[in-house]
Amino acid sequence: MFQTDESGQAHAIEAIAASILVLSTVIFAIQATAITPLTVSTSNQHIETQQQRMADGVLSNAKYTETTGETSALKEAVLYWNTDKKVFYNASADGYLGKYPDNDFGDSLNETFSDQRIATNIYVTYERPSDGSGTKQMVDMGNPSDNSITATTNVVIYNHDEVSAPDESTTVEDTSGYFAKDVNPASNVYNVVEVRIVVWRI
Amino acid sequence: MRNDSRGQLILVGGVVVATLLITLVLILNGVLFTENFSTRDQPQAIDRVVDTGGLIEGTASEVIDMENSERYESRADTAQNVDRDIQQVSQSLSERRFEAHGETLNIEVNNVQDAWTVVQTDEGEFQAAESGFGFDNVYGWEIATADGIRDSHTTVTSAREMDPSNTSEASRTFQLEVTGSSSDWSVWIFEHPSRNTIALGTTVDSDGNPVVECESDDGTADIDWNEMTIDGNDCPFKFAEGVGEGPYELRFHEGDEITGTYKFVLGRGPGTEIGLTPVTGERTVADTTKGDSTVADEPAAYDGVYSTTVTVSTAGEDLTADSVFFTAPRQPGNTTSGEKP
């Protein structure tokens, strides 16, 4: 009887250990086999880092100019506004749907992301004169995935900056149709806007 | 049965060891991933500091240019406005940074160096202001002694044609001279002897004639002293090479041998002053900040800003950083201000 009891205990422990082993193996197998470019892993981190650098690079290139006094491509894009329709030039009320704007910044985005099958949403956040902030969407390509990354930079708009869309020949301070308003009329600084790019792999 | 039981225990032991190994692998994999992930956030905090620094430098440069172009006639107006504009940007960024990342951002203008913006806006000979002398046609004169010379341009509409068959042409040709603590430096501006172009030369040949080193595309010229170009063409020398430390004395010779316009932004500080006549001690440039009246084709000095020093302090969970940014737009390397930290 004693021997039989001992054998039963051993069987029970063996069964528990075996079940843990099988369970662990299944979990490990699931982790090992479900590797895609978007799987949460160190490899995916490298892809996200690569996308982060691409987005940062596009913003950096667009916000600096070769010649002093020249308007940067990023500022030109922020000022690419239809003051009558109160939308970005040739865009819908929700921005450019599934495409990039027809300016230097748009060309840069197209060259950087389109061939890589990477989608982009771009938001422009501005300060309100009273308090708080508002946001305009410049580019809308859908809902970002859980693995999307974000890059931001700021652009200073001055009173004398001209709205850059075709057929527009007014400065931001001389029109009421521009989306951002003058936050401090005593200053030459009209507004400081934040450009945010959200990037994800399609 | 005893042997069977022992075998079962060994088997169970083996299974337990295998389970432990797999668990260990899973845990280590998680640790590696967590380590990798946790180190990703730090560069983004650094990137924000770099981005803010770049924005502040660019903003300082743009507002200095904007305010200098207003040509205020009251001392320190430009400096106050530059400070106000940078503070406006600071306020906007600080609020946004705190909301987005919980970081405090403090941007403080530590110093604004005053300047004279000396201009001759209408085309004319490069003579001293008549009002200072009380008589006309003074063509060899000092513009100012300054703590730094930057953002300097000259447009030339005509200049004396240099005749290489003569000797000592350099003494009859327009000359811009900069003197520092070590030595002086000169550039001669003249019409090319055979081509209808404006030429620059910093050396003189054995006959005492200036040597052509670079030239314009046609009979007029746009000279950028910072980039040291004429009509965008590079010259083989730099502005004020080898003059040493400031203050710098800026002087014109033979101003009746050239016509055009010019602009110099000249830093103010200890030992600096607008040029004075040797005998009467009158100003050679109409200083509007002292109430002098101006004539369009004569030199006039307006209130200006030479440079700013701004400290950007960031404090957050990931990073604490203090960065100091000195901005003096388009300042050549040989005539720098003593204000630089």
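About the thresholds
Residues numbered from 1 in each chain as written. Chains lettered and ligands numbered in written order. Predicted model: local features only at pLDDT ≥ 70, side-chain atom pairs only at ≥ 80, totals over all residues. Helix = DSSP H or I, 4+ residues; strand = E, 2+ residues; numbered from the N terminus. Buried ≥ 20, exposed ≤ 12 C-beta atoms within 10 Å, placed from the backbone. Contact = placed C-beta atoms within 7 Å. Nonpolar A, V, L, I, M, F, W, Y, C, P; charged D, E, K, R; others polar. Expected span 1.5 Å × (residues − 1). Core = buried A, V, L, I, M, F, W, Y, C linked by C-beta atoms within 7 Å. Domains from an automatic or database assignment. Pairing = 2+ DSSP bridges.

**Student:** Teacher, can you tell me more about the overall build of chain A here?
**Tutor:** Assigned secondary structure in chain A consists of four helices and seven strands. Looking at chain A residue by residue over its 202 residues, the buried ones come to 31%. Taking the contacts inside chain A whose residues are at least 6 apart along the sequence as the reference set, 66% of them involve residues at least 24 apart.

**Student:** Would you take a moment to explain the interface of chain A and chain B for this structure?
**Tutor:** Interface size is often expressed as the accessible area that is lost when the parts come together. On the chain B side, the residues contacting the 30 residues of chain A number 33 residues. Elements supplying a minimum of two residues to the side of chain A that touches chain B: α1 (2–33), α2 (42–63), β6 (149–158) and β7 (189–201) of chain A. Sort the elements by how many residues they give to the side of chain A that touches chain B and α1 of chain A lands first, with 13 residues. The residue makeup of the side of chain A that touches chain B, split by class, is 11 nonpolar, 14 polar and five charged.

**Student:** Got a minute to help me understand helix α3 (residues 77–101) of chain B in this structure?
**Tutor:** Along an α-helix, residues three or four apart share an orientation, since each turn contains 3.6 residues. Residues and elements named next belong to chain B. Counted at 1.5 Å a residue, the expected span for α3 with its 25 residues is 36 Å, and the 36 Å between its end C-alpha atoms agrees. Those residues of α3 lying buried are Thr78, Ala79, Asn81, Val82, Asp85, Ile86, Gln88, Val89, Ser90, Ser92 and Leu93. Once α3 ends, the next one or two residues include Gly102, with phi positive near 70°.

**Student:** Explanation requested: the nonpolar core in the structure shown.
**Tutor:** It is characteristic of soluble globular proteins that their nonpolar side chains tend to be buried jointly. Ranked by size, the top nonpolar core spans 113 residues in total, and within it Leu74 and Val193 of chain A together with Val118, Ala144, Ile189, Leu266 and Val285 of chain B carry the most contacts. At nine residues, the largest contribution of residues to this core is made by β7 of chain A. Every residue in contact with Ala144 of chain B, bar those within four places of it in the chain, is listed here: Trp116, Val118, Leu250, Leu266, Thr272, Glu273, Ile274, Gly275 and Val285 of chain B.

**Student:** Help me out: how do you make sense of the domain arrangement of chain A in this one?
**Tutor:** Split by domain assignment, chain A resolves into domain 1 (1–34) and domain 2 (45–201). Computed over C-alpha atoms only, the centres of domain 1 of chain A and domain 2 of chain A are separated by 59 Å.

**Student:** Sorry, what's going on with the environment of Val15 of chain B here?
**Tutor:** Mapped onto the fold, Val15 of chain B is located in helix α1 (residues 2–38). On the neighbour-count criterion, Val15 of chain B (19 C-beta atoms within 10 Å) is partly exposed. The contact partners of Val15 of chain B, leaving out residues within four places of it in the chain, are Glu14, Ala17, Ala18 and Leu21 of chain A.

**Student:** What should I look at first to understand the sheet that holds strand β3 (residues 96–97) of chain A in this one?
**Tutor:** What links the strands of a sheet is backbone hydrogen bonding, and the strands pair in either a parallel or an antiparallel sense. Residues and elements named next belong to chain A. Across the sheet, which stays open at both edges, the five strands sit in the order β3-β5-β4-β7-β6 with mixed pairing between neighbours. Two strands in the sheet have a free side with no partner beyond their single neighbour: β3 and β6. Bridge count between strand β4 (residues 118–127) and strand β5 (residues 133–140): six bridges; the pairing is antiparallel. Bridged to Thr125 within β5 is Thr135.

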